[in-house]
Amino acid sequence: MRILVVEDEPAMAESLSWGLEQDGYVVDVAATGEEGLWLAGETAPDVIILDVMLPGLNGYQVCERLRRQQVWTPILMLTAMDDDLDQTEGLDIGADDYLTKPFSYPVLLARLRALTRRGMRERPAVLTAAGLTLDPGSRTAARGDAELDLTGREVAVLEYLLRNQGRVVSKTELLDHCWDAAYDGGPAVVEVLVHRLRRKIDPASGPATILTVRGEGYLVRDETP
Ligand code: CA
């Protein structure tokens, strides 16, 4: 496994790469966003650890550019508690997960393993389900030829459900993946959002795209043959 660490603080970059190398990973380190973008192309890493606060291009901008270039390497973003940037921004622009500093090394390792287990296979440029399409690069969704007017959070939830077609996704899981880690509201906010999303994505008559599995969560059926 090859990991690209994009981190400008030398002590942090050094301890991360030392630890990861002890665990058998091959590690490349970039100290700026620009260098990270370049190395992502040069070294074809299996996963990228991307700090948000970087000089020059910040982590969000690096992530967005990679996704726009159709680079789908899993990205774990590192954020600081006092970042004034909204953490969900990371997911909205295509990061796979994020971890708030300070974090424990075993937690980082577990997240990395989860990300690499999800697979290196190239993600489809466009996600589809039942006449619905979602382009993760441009963050737009459409029903047939008609573009849908969705908020960033609605796109994030729909994208997560589409990426997990055929599997029941719990409200807690959606909260974990589509809301700020500091968000302390309950699952009711997920229900409200899914309700609104359904009205936007489904035709007035016809089957619902997002099914409710009572007591468990939501399901988008996998119709790929
Ligand atoms: Ca930093």
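The structure we're discussing is the one just above.
Conventions adopted
Residues numbered from 1 in each chain as written. Predicted model: local features only at pLDDT ≥ 70, side-chain atom pairs only at ≥ 80, totals over all residues. Heavy atoms only, no water. Helix = DSSP H or I, 4+ residues; strand = E, 2+ residues; numbered from the N terminus. Buried < 20%, exposed > 50% of the residue type's maximum accessible area, 1.4 Å probe, protein only. Contact = heavy atoms within 4.5 Å. Salt bridge = Lys/Arg side-chain N within 4 Å of Asp/Glu carboxyl O. Donors = N, O, S within 2.8 Å, 3.2 Å for Na, K, Ca; no water.

Colleague: Any chance you could break down unusual backbone geometry for me, citing the residues and the numbers?
Modeller: Here the residue pair Lys101 and Pro102 is connected by a cis peptide bond, since its omega of -5 degrees sits within 30 degrees of zero. Counting through the fold element by element, Pro102 comes out in the loop between strand E5 (97–101) and helix H5 (105–117). For Ala44, which is not glycine, the phi torsion reads 45 degrees and is therefore positive. Mapped onto the secondary structure, Ala44 falls in the loop between helix H2 (33–43) and strand E3 (47–51). If you check the backbone angles, Ala130 has positive phi at about 45 degrees while not being a glycine. Looking at the element boundaries, Ala130 is found in the loop between strand E6 (127–129) and strand E7 (132–135). The partly exposed category is assigned to Ala130, whose relative accessible area is 40%.

Colleague: Explain the environment of Phe103 to me, and be specific about the residues and the numbers.
Modeller: Its place among the elements puts Phe103 in the loop between E5 and H5. Classification of Phe103 as buried rests on a relative accessible area of 19%. The spatial distance from the C-alpha of Phe103 to the C-alpha of Thr79 is 10.0 Å, given a sequence separation of 24 residues. Discounting residues that sit within four places of it in the chain, Phe103 has contacts with Met12, Leu16, Leu78 and Leu108.

Colleague: Outline the pattern of salt bridges, listing residues and values.
Modeller: Per the counting criterion, the structure on display carries 13 salt bridges. The partner of Glu159 in a salt bridge is Arg163, and the shortest N-O contact between them spans 2.7 Å. Taken together, the positions of Glu159 and Arg163, both in helix H6 (residues 152–163) and 4 residues apart, correspond to about one turn of that helix. One salt bridge in this structure joins Arg167 and Glu173, with 2.6 Å as the shortest N-O distance. Connected through salt bridges with shared partners, the residues Glu7, Glu9, Asp51 and Lys101 form a single ionic network.

Colleague: Which residues make up the coordination of the calcium ion, and what values do they have?
Modeller: Tetrahedral metal sites with four donors have an ideal angle of 109.5 degrees; octahedral sites with six donors have ideal angles of 90 or 180 degrees. For the calcium ion, every protein donor is listed as Asp8 (OD), Glu9 (OE), Asp51 (OD) and Met53 (O), and the spread of their distances is 2.1 to 2.9 Å. Written as a sequence motif, the donor residues of the calcium ion are D-E-x41-D-x1-M. The exposure class assigned to Asp51 is buried, which follows from its relative accessible area of 2%.

These figures capture arrangement, not role.
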